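Topology and contacts: notes
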Amino acid sequence: MGGHAERVFAFVRVRNCEILERSVLSAEPHDDPASERVVQRAGELGFAFVGIADASASVFAEQLREWIAAGKHGTMQWMSEHAAIREDPSLVLE
């Protein structure tokens, strides 16, 4: 990997295993040496795709709460039990 790895944030909307919408939210190089090492090592191990994301609060937290409140998580009880962590992954680091 020469230069910078590329970080891509994508959104894919799927219904009944059919892709309805795809959109790239942003793509930017990252200069973080730790991220670069993770991407490089994952490639060495045979991973076809590696994603690096920050652990900040989700901009979709309200939608997640509404989705869970509407019961759309079905039998995935862990979704409601761990909603706070899904809304803000940095809580895992505390």
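Here the structure is a predicted model, which means the values were calculated and not measured.

1. Notes on the overall build of the chain
Helix and strand counts for the chain come out as four helices and two strands. Reading the helices (α) and strands (β) of the chain from amino to carboxyl end gives β-β-α-α-α-α. Of all 94 residues assigned to the chain, the portion counted as buried reaches 15%. Taking as baseline every contact in the chain between residues at least 6 positions apart, the subset at least 24 positions apart corresponds to 31%.

2. Some words on helix H2 (residues 61-69)
Considered for burial, the residues of H2 that qualify are Ala 61, Leu 64 and Ile 68. One side of H2 carries all its buried residues, which in axial view fall inside an arc of 60°. Its buried side turned inward, H2 meets helix H3 (77-81) and helix H4 (83-87). At the exit of H2 stands Gly 71, carrying a positive phi of roughly 75°.

3. Some points on helix H1 (residues 33-44)
Spanning twelve residues, H1 covers 16 Å between terminal C-alpha atoms, matching the ideal 16 Å at 1.5 Å per step. Burial in H1 covers these residues: Ser 35, Glu 36, Val 39 and Ala 42. Taken end-on, H1 shows its buried residues confined to a sector of 130°, consistent with a single buried face. Set apart from the buried face of H1 by more than 90 degrees, the exposed residues are Pro 33, Arg 37 and Glu 44.

4. As for the pattern of salt bridges
Applying the stated criterion to the full structure yields three salt bridges. Here Arg 41 makes a salt bridge to Glu 44, at a shortest N to O gap of 3.2 Å. Placement of the pair is Arg 41 and Glu 44 together in helix H1, with a separation of three residues, close to one helical turn. Between Arg 65 and Glu 87 there is a salt bridge, with the nearest N and O atoms lying 2.8 Å from each other. Within this pair, whereas Arg 65 is found in helix H2, its partner Glu 87 is found in helix H4, the two being separated by 22 residues in sequence. Here the residues in one salt-bridge network are Glu 62, Arg 65 and Glu 87, joined through shared partners.

Calculation notes
- Each residue is numbered by its place in its chain's sequence as written, counting from 1.
- Restriction of local features to residues with pLDDT of at least 70 applies here, the model being predicted, together with a cutoff of 80 or more for giving and counting side-chain atom pairs; totals for whole chains, interfaces and linings are based on all residues.
- To obtain the side-chain values, all non-hydrogen atoms of the structure were used and water was disregarded.
- Here a strand is any run of E in DSSP of at least two residues, a helix any run of H or I of at least four, and the numbering for each starts at the N terminus.
- Throughout, exposure labels follow a simple rule: accessible area from a 1.4 Å probe, protein chains only, divided by the maximum for the residue type, with under 20% read as buried, over 50% as exposed, and the rest as partly exposed.
- Here a residue-residue contact requires only that any non-hydrogen atoms of the pair lie within 4.5 Å.
- Relevant arc is that of directions from the helix axis to the C-beta atoms, nothing else.
- Any helix carries an expected span of 1.5 Å times its number of residues minus one.
- The salt bridge definition used is simple: a Lys or Arg side-chain nitrogen within 4 Å of an Asp or Glu carboxyl oxygen.

Note that all results are geometric; they support no functional claim without further evidence.
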